[in-house]
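Tertiary structure, described
Chain by chain, the residues run as shown.
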Amino acid sequence: MIKNAFNGFITAWKGLALTIRHLFASNAKRTVIPVSDDNYFKKLEGTNTIQYPAQKLPIPEVGRYQLDVEIDDCIVCDLCAKICPVDCIDIESIKATEAIGQTSDGTTKRLYAAKFDIDMAKCMYCGLCTIVCPTECITMTNLYDKSVFDISKLTYQFSDMTPEDAAEKKQLFEKQQAEKQAAKLAAMQKKEGGA
Amino acid sequence: MDFYLTYILSAIGLFSFSALFALFGVYAERKVSAFIQDRLGPTETGKFGTLQTFADILKLVQKELIIPAAADKLLFILAPGIIFVAVYLGFAALPWAPGLVPSKLNLGLYYFFAIISVETLGILMAGWGSNNKYSILGAMRSIAQIISYEIPAGFALISVVMIAQTLNLQDIATQQGILATEKIKFLGYWDVTTTGGVLSWNIFRAPHLIIAFVIYFISSLAESNRAPFDIPEAESELVSGFHTEYSGLRFGLIFLAEYSMMFLVSMVGAILFLGAWNTPLPNIGPVHLATWTTGTAWGILWIGLKSFALVGVQMWIRWTLPRLRVDQLMNLCWKVLTPLAFVCMLLSGIWRLWLM
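Residues numbered from 1 in each chain as written. Chains lettered and ligands numbered in written order. Predicted model: local features only at pLDDT ≥ 70, side-chain atom pairs only at ≥ 80, totals over all residues. Heavy atoms only, no water.

This next bit is on the overall build of chain B. What chain B contains, in helices and strands, is 13 helices and two strands. In terms of overall size, chain B behaves like a compact globule, its C-alpha atoms giving a radius of gyration of 21 Å where 356 residues would be expected to give roughly 21 Å. Its C-alpha atoms give chain B principal-axis dimensions of about 65 × 50 × 45 Å. Across the 356 residues in chain B, those meeting the buried criterion constitute 54%. When the accessible surface of chain B is summed, it comes to about 15500 Å², and 73% of that surface belongs to carbon and sulfur atoms. Taken together, the 21 basic and 20 acidic charged side chains of chain B have centroids lying 3 Å from each other. (Helix = DSSP H or I, 4+ residues; strand = E, 2+ residues; numbered from the N terminus. Rg over C-alpha atoms; globule rule 2.2 N^0.38 Å. Buried < 20%, exposed > 50% of the residue type's maximum accessible area, 1.4 Å probe, protein only. Areas by Shrake-Rupley, 256 points an atom, 1.4 Å probe, with all protein chains shown as cover. Lys, Arg positive; Asp, Glu negative; His and termini not counted. Charge placed at Lys NZ, Arg CZ, Asp CG, Glu CD.)

As structure tokens, then:
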């Protein structure tokens, strides 16, 4: 019993000695170095606090934060929307009447993106969409501090088409389809007539 | 009529002191805890975050006073008042400097000990009145703990009283310095009546009072519900114990009582064991350090410094040691501290009879 009580005092004193050392240890501001630095885990002196808005931990440019789409490089293949586990990507495509250009890596674009919405409030930051993207136009960036007053602001719209544009392209495509259909019909009739 | 004015002024002075101390105490606690954990603590509000607690109290004042629908309204509303008043009344008997004491009570120590026990009643009222299982659990733990720890604390105090032969706190204070009217001996044989200083403090007049002081200090932690004896609040188990349901100013009052209690028990510890308002500097030959540093202003300074130091130790302990379990708490109280306190009391009797 006495030994126990004595032991209690000794161990309590050990703890108290440890905390008093930290109480009077250096209160130097933390120098912010990236995690990739060799000394990152060796920094034991000074305070541990990162004073956030004033100090920021450096992160690589392609981090794993907000999504970004380079819409000029997008071939609107819809793979990202299909792989997304939480269905936060919403794509509406319009077929073009002809090849409408090339992406920066030389893939031919044949679809218009009438709508390319990403709901960042739903996104779980798994990064699957960036992996499946054939033209690497959807990437994760180093931006993470995103606070908005209106939740709808978290739905990012990447499509650069106006609704009128989209309607026009749609009409064009329908017209082309109709012409094709008509031509096909005419050809068939001709064939039948010939037989 | 003049003495009424004095009464009211000293009451207001003590109240504003305890309120300011609570503000300072919360700030100090947050800074101490932050530095112990290698953090920075409040930094944004005011220079070094000094206005943080003012901002906090401003927020607290504006909050709605919520009374739970199922609460016992009378008990619920009265409890914070009783808790605070009990602690606040304790200040009445404590001397601040030679001749400066709010109330010259012959039974000062007895009064102090009785009045802070009333806090228990307030805590039970708060716990019961809230009609909340966490509150009542916290209140019951608090009462079991406070009542148990009053026994070792009481016996530690009695061992001082046996040496001092008085319950008047001002007399106990006077005995521990150069103003003493009787013969003061360092460790029972060296006459230091005119030397004073740290040598004539009670813990050195009779060295077993060091043990009594440690016992009193541990018990006072338990009585003010501070870590490592904060099982009545036990954030991880009981939300926040007996004051779970309180909001706004009522919560503020409970908080104020907690910090006033910290200062109160520290001040009593300083008065009884660490020489009260007496200077720690002794007279050495022609250098009359003790005589030069004794007086009303000096007295307030010394008692303040000693009490703040003890409050600092309380904070230091809070941010170091983990919370005790209920059984460990009772084990420590009944099996370690109480027998030790009895031994101290016995030693005091022997010391008084043979060495003084």
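Moving on from the coordinates now.
What follows deals with the packing of helix α1 (residues 2-23) of chain A against helix α1 (residues 2-36) of chain B. Put simply, α1 of chain A and α1 of chain B touch, their axes get as near as 7 Å, and they point 100° apart. Looking at the two axes, α1 of chain A sits roughly perpendicular to α1 of chain B. Contacts between α1 of chain A and α1 of chain B involve T19, H22 and L23 of chain A from the former and V32, F35 and I36 of chain B from the latter. Tallied by class, residues from the contact of α1 of chain A with α1 of chain B come to four nonpolar, two polar and no charged. (Axes fitted to C-alpha atoms, helices over the stretch in contact; angles between N-to-C directions. Parallel < 35°, antiparallel > 145°, perpendicular 65-115°, else oblique. Contact = heavy atoms within 4.5 Å. Nonpolar A, V, L, I, M, F, W, Y, C, P; charged D, E, K, R; others polar.)

Side-chain pairing between opposite charges can occur once the charged atoms of the two side chains come close. Under the defined criterion, the tally for this structure stands at eight salt bridges over all chains. D78 of chain A serves as the salt-bridge partner of K82 of chain A, at 3.4 Å between the closest nitrogen and oxygen. Where D327 of chain B meets R325 of chain B, a salt bridge forms, and the shortest distance between an N and an O atom there is 2.8 Å. Here the salt bridges do not stand alone but share partners, grouping E29, R226, E258 and R318 of chain B into one network. (Salt bridge = Lys/Arg side-chain N within 4 Å of Asp/Glu carboxyl O.)

To continue, consider a nonpolar patch on the surface. Together, V343, L346, L347, I350, L353, W354, L355 and M356 of chain B line one region of the surface with nonpolar side chains, adding up to about 830 Å² of accessible area. For L355 of chain B, the location among the structural elements is in helix α13 (residues 326-355). (Patch = residues over 30% accessible without salt bridge, like charges linked within 9 Å, V, L, I, M, F, W, Y side chains within 5 Å.)

A separate point is the domain arrangement of chain A. Accessible area lost during the coming together of the parts is what is often quoted as the interface size. In terms of domain boundaries, chain A breaks down into domain 1 (2-42) and domain 2 (67-174). The centre of domain 1 of chain A, based on its C-alpha atoms, is set 51 Å off from the matching centre of domain 2 of chain A. (Domains from an automatic or database assignment.)

For the rest of this paragraph, the subject is the side chain of S159 of chain A. Residue and element names in this part refer to chain A. Mapped onto the fold, S159 is located in the loop between β5 (155-157) and α4 (163-194). Of note is the side chain of S159, whose polar atom sits 3.2 Å from the backbone oxygen of A114. For S159, the side chain forms a polar contact with the main-chain nitrogen of M161, separated by 3.3 Å. Sequence-distant contacts of S159, defined by excluding residues within four places in its chain, comprise I71, A113, A114, K115 and F116. (Polar contact = N/O pair within 3.5 Å; in protein donor to acceptor, adjacent residues only side chain to side chain.)

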